[in-house]
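Chain by chain, the residues run as shown.
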Amino acid sequence: MPSLKQYYVTGRNWPSEKKTQPDILFMKIFAPNERIAKSRFWYFLKKTKKLKKIKGEIISVKEIFEKKPFQVKNFGVWLRYDSQSGTTNIFKEYRDVFIGGAVEQMYLEMAGRHRANWNSIIILRVEEILDKDCIRSQIKQYHNSNIKFPNFYSTNKNFFFQNENIAFAKSPITTLNI
């Protein structure tokens, strides 16, 4: 199971005299737990809508579960991150069982290849993509239905149970009985 989960966080501004019915804002956020999902929600609202935590409230936080768990899928991740030369937009493809696993792979790859910090990465969109829509050769190589993987270590499990008396350990005889 991946450590990142997907949350659907809903929030709004406090009602005021000007706006008695404020707009409801929602986001899908990847976080390890509910508390960090709320924190990331306020972080992104502060950047995009100029809305602070003091002037708003969270209505609900729900975890989103996979429709088809334990089935291998291709995921496309659109993201933006701050690099040493400025802000960069990227599209990446990953193959995983869970959407959280694909996002976790993305964070690890971005840290390794691009030296991007976790907090400088903004996930714009994550979608499941079809096999025919994949671009990257690293993902396409697993689409063949006749793919075979080498088995480097194979043993006959019955071999260990055939000769039980031979493998039995005895303590050595150290005295001479006459």
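Presented here is an overview of the structure given in this document.

### Notes on the overall build of the protein chain
Thinking step 1. Helix and strand content of the protein chain: four helices and six strands.
Thinking step 2. Going residue by residue from the N terminus, the α and β elements of the protein chain occur as β-β-α-β-β-β-α-β-α-α.
Thinking step 3. Here the protein chain holds 178 residues, and the buried ones make up 30% of them.
Thinking step 4. Taking all contacts inside the protein chain whose residues are at least 6 apart in sequence as the whole, residues at least 24 apart take part in 60%.
Thinking step 5. With an accessible surface of roughly 13,900 Å², the protein chain has 53% of that area assigned to carbon and sulfur atoms.

### Some words on the sheet that holds strand β3 (residues 56-64)
Thinking step 1. Strand order in this open sheet of three strands is β2-β1-β3, and the pairing throughout is antiparallel. At either margin of the open sheet sits one strand with a lone partner, and together these are β2 (24-31) and β3. Averaged over neighbouring strand pairs, the angle between their axes works out to 25° when direction is ignored.
Thinking step 2. Relative to β2, strand β1 (residues 5-13) runs antiparallel, the two being bridged by eight bridges. In the sheet register, Y7 faces β2, and the bridge partner there is I29.
Thinking step 3. Packed on one face of the sheet, helix α1 (residues 34-48) meets β1, β2 and β3 and runs near 125° to β2.

### Focus: the pairing of β1
Thinking step 1. Summarising the sheet, β1 and β3 pair through eight bridges and their orientation is antiparallel. Within the sheet, the bridge partner assigned to T10 lies in β3 and is S60.

### Focus: helix α2 (residues 99-113)
Thinking step 1. Taking 1.5 Å of rise per residue, 15 residues should cover 21 Å, and α2 covers 21 Å from first to last C-alpha, within 8% of that figure.
Thinking step 2. Tucked into the core, α2 has its buried residues touching β1, β2, β4 (73-83), β5 (86-96) and β6 (121-129).
Thinking step 3. Immediately beyond the C-terminal end of α2, within one or two residues, lies R115, with a positive phi of roughly 55°.

### Comments concerning the packing of aromatic side chains
Thinking step 1. Under the defined criterion, the tally for this structure stands at six aromatic pairs.
Thinking step 2. Seen from their ring centres, F70 and F98 are 5.3 Å apart, and the 75° between their planes marks the pair as edge-to-face. Placement of the pair is F70 in the loop between β3 and β4 and F98 in the loop between β5 and α2, with a sequence separation of 28 residues.
Thinking step 3. What makes F70 exposed here is its relative accessible area of 64%.
Thinking step 4. Aromatic side chains Y107 and W118 sit 5.9 Å apart centroid to centroid with 40° between the ring planes, which places their arrangement in the tilted category. Of the two residues, Y107 is situated in helix α2 and W118 in the loop between α2 and β6; the sequence distance between them amounts to 11 residues.
Thinking step 5. A residue is classified by how much of its surface remains accessible, and Y107, at 10% relative accessible area, is buried.
Thinking step 6. Overall, the relative accessible area of 36% leaves W118 in the partly exposed class.
Thinking step 7. Lying over the aromatic face of W118, R40 brings its terminal NZ or CZ to 4.4 Å of the ring centre.
Thinking step 8. Looking at R125, its charged tip hangs above the ring of W78, at a distance of 3.9 Å from the centre.

Here is what the cut-offs are and how they apply
- Here the residue index of a chain counts from 1 through its sequence in written order.
- This being a predicted model, a pLDDT of at least 70 is required before a residue's local features are given, and a value of 80 or more before pairs of side-chain atoms are given or counted; all residues contribute to the totals for chains, interfaces and linings.
- Heavy atoms throughout the structure, all of them, feed into the side-chain values; hydrogens and water do not.
- To qualify as a helix, a DSSP run of H or I must reach at least 4 residues; to qualify as a strand, a run of E must reach at least 2; elements of each kind are numbered from the N terminus.
- Residue exposure (1.4 Å probe, protein chains only): buried if accessible area is under 20% of the type maximum, exposed if over 50%, otherwise partly exposed.
- Every residue pair with non-hydrogen atoms within 4.5 Å of one another is taken to be in contact.
- Only the protein chains shown count as cover for residues, and the accessible areas themselves come from Shrake-Rupley with a 1.4 Å probe.
- DSSP calls a pair of strands paired once it identifies at least 2 bridges connecting them.
- Only C-alpha atoms enter the line fits that serve as axes; for helices the fit covers just the stretch in contact. Angles between N-to-C directions range over 0 to 180 degrees.
- The span you would expect from a helix comes to 1.5 Å times its residue count less one.
- Only the six-membered ring of Trp is used, alongside the rings of Phe and Tyr, when aromatic pairs are assigned; centres must lie within 6.5 Å, and planes under 30 degrees apart are stacked while those over 60 apart are edge-to-face, with the rest tilted.
- Comment: the charge-over-ring label is applied if NZ (Lys) or CZ (Arg) is within 6 Å of the ring centre and within 35 degrees of the ring normal.

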